[in-house]
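Listed below, chain by chain, are the residues.
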Amino acid sequence: MRLSHEQFRELAAKHGLAVTHQRQVVYEAVVAAHGHHAPEDIYATVRRRIPSISLATVYNNLRLFIECGMLREVSPHAATLLVDGNLESHHHLVCLRCKAVQDIEGDFIDFKRLSRQLPEGFDVTQPLVEVFGLCRRCSAKK
């Protein structure tokens with residue numbers, strides 16, 4: 001997905017961000033890639049358009065997009081940062097062996113019931129289910 005400069009300007013303004021060419025290219029790289037990607041993958045893509053960009057700039061912009069809600073962090077408790085441009089409600093299948101992450105649609109949990117069982121004062125902001133197992137490729141390698 002390639003946003004026009006005006007579309008990105010409106011999106012950034014909605015989230016209180018200054019518009020820069022680097023930010024637009026980083027954001028477009030994530031959204032166009034579909035799936036879940038490490039900053040290094042996004043960096044490799046962005047460098048084709050902006051050879052002088054640094055990995056630190058890509059990381060900083062990804063973190064900024066996550067903080068303001070323009071992107072979603074996959075498995076925030078994991079050691080490696082993965083970003084997801086899909087902001088629609090969905091869950092993840094995570095392969096324990098190769099660490100691949102796939103989207104899965106559906107309502108598996110009654111979040112109203114869950115919220116009644118949470119400790120007092122805990123506010124659910126992003127209900128997400130991660131299902132761990134082996135992907136088809138890794139299952140075949142048993």
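Being a predicted model, the structure only gives us computed values, none of them experimental. (Residues numbered from 1 in each chain as written. Predicted model: local features only at pLDDT ≥ 70, side-chain atom pairs only at ≥ 80, totals over all residues. Heavy atoms only, no water.)

(A) Spotlight on the nonpolar core. Of all hydrophobic cores here, the largest spans 22 residues; its most connected members are Val26, Tyr27, Val46 and Phe65. Elements supplying a minimum of two residues to this core: helix H1 (5-14), helix H2 (21-33), helix H3 (39-49) and helix H4 (55-68). Counting residues per element, this core draws most heavily on H2, which supplies six residues. Beyond its immediate sequence surroundings of up to four residues, Val26 is in contact with Ile42, Val46, Ile53, Val58, Asn61, Leu62 and Phe65. Within the second largest apolar cluster, five residues are counted, among which are Ala38, Leu82, Val94 and Val101. (Core = buried A, V, L, I, M, F, W, Y, C linked by side-chain atoms within 4.5 Å. Buried < 20%, exposed > 50% of the residue type's maximum accessible area, 1.4 Å probe, protein only. Helix = DSSP H or I, 4+ residues; strand = E, 2+ residues; numbered from the N terminus. Contact = heavy atoms within 4.5 Å.)

(B) Here's a closer look at the pattern of salt bridges. This structure, assessed with the given rule, holds two salt bridges. Measuring nitrogen to oxygen at the nearest pair gives 3.0 Å for the salt bridge that ties Arg49 to Glu28. Remark: Glu28 occurs in helix H2 and Arg49 occurs in helix H3; sequence separation between them is 21 residues. Classification of Glu28 by relative accessible area gives buried; the value is 4%. A salt bridge links Arg63 to Glu73; the shortest N-O distance between them is 3.5 Å. (Salt bridge = Lys/Arg side-chain N within 4 Å of Asp/Glu carboxyl O.)

(C) Expanded view of a positive patch on the surface. A contiguous patch of positive charge, built from Arg97, Arg137, Lys141 and Lys142, is present on the exposed surface. By the secondary structure assignment, Arg137 is in helix H6 (residues 136-140). (Patch = residues over 30% accessible without salt bridge, like charges linked within 9 Å, V, L, I, M, F, W, Y side chains within 5 Å. Areas by Shrake-Rupley, 256 points an atom, 1.4 Å probe, with all protein chains shown as cover. Lys, Arg positive; Asp, Glu negative; His and termini not counted. Charge placed at Lys NZ, Arg CZ, Asp CG, Glu CD.)

(D) Here's a closer look at the packing of aromatic side chains. According to the stated counting rule, one finds two aromatic pairs in the structure shown. Judged by centre distance (6.0 Å) and plane angle (45°), the rings of Phe8 and Tyr27 are tilted. Within this pair, whereas Phe8 is found in helix H1, its partner Tyr27 is found in helix H2, the two being separated by 19 residues in sequence. With respect to burial, Phe8 and Tyr27 carry one shared label: buried. (Phe/Tyr/Trp six-rings, centres within 6.5 Å; stacked < 30°, edge-to-face > 60°.)

(E) Up close: the layout of surface pockets. Of the voids in this model, the largest pocket is the one considered here, and its volume is about 270 Å³. Together, eleven residues line the largest pocket, and Val124, Gln126, Pro127, Leu128 and Val129 are the ones closest to its centre. Looking at side-chain class alone, the lining of the largest pocket contains eight nonpolar, two polar and one charged residues. Volume-wise, the second largest pocket comes out at about 190 Å³. Lining the second largest pocket are eleven residues, with Ser75, Ala78, Leu82, Val94 and Lys99 positioned closest to its centre. The residue inventory of the lining of the second largest pocket, partitioned by class, reads seven nonpolar, three polar and one charged. (1 Å grid on protein atoms, 1.4 Å probe; cavity = no way out; pocket = protein on both sides within 12 Å on 5 of 7 lines; lining within 4 Å. Points joined across faces, edges and corners; volume = space filled by probe spheres on them. Nonpolar A, V, L, I, M, F, W, Y, C, P; charged D, E, K, R; others polar.)

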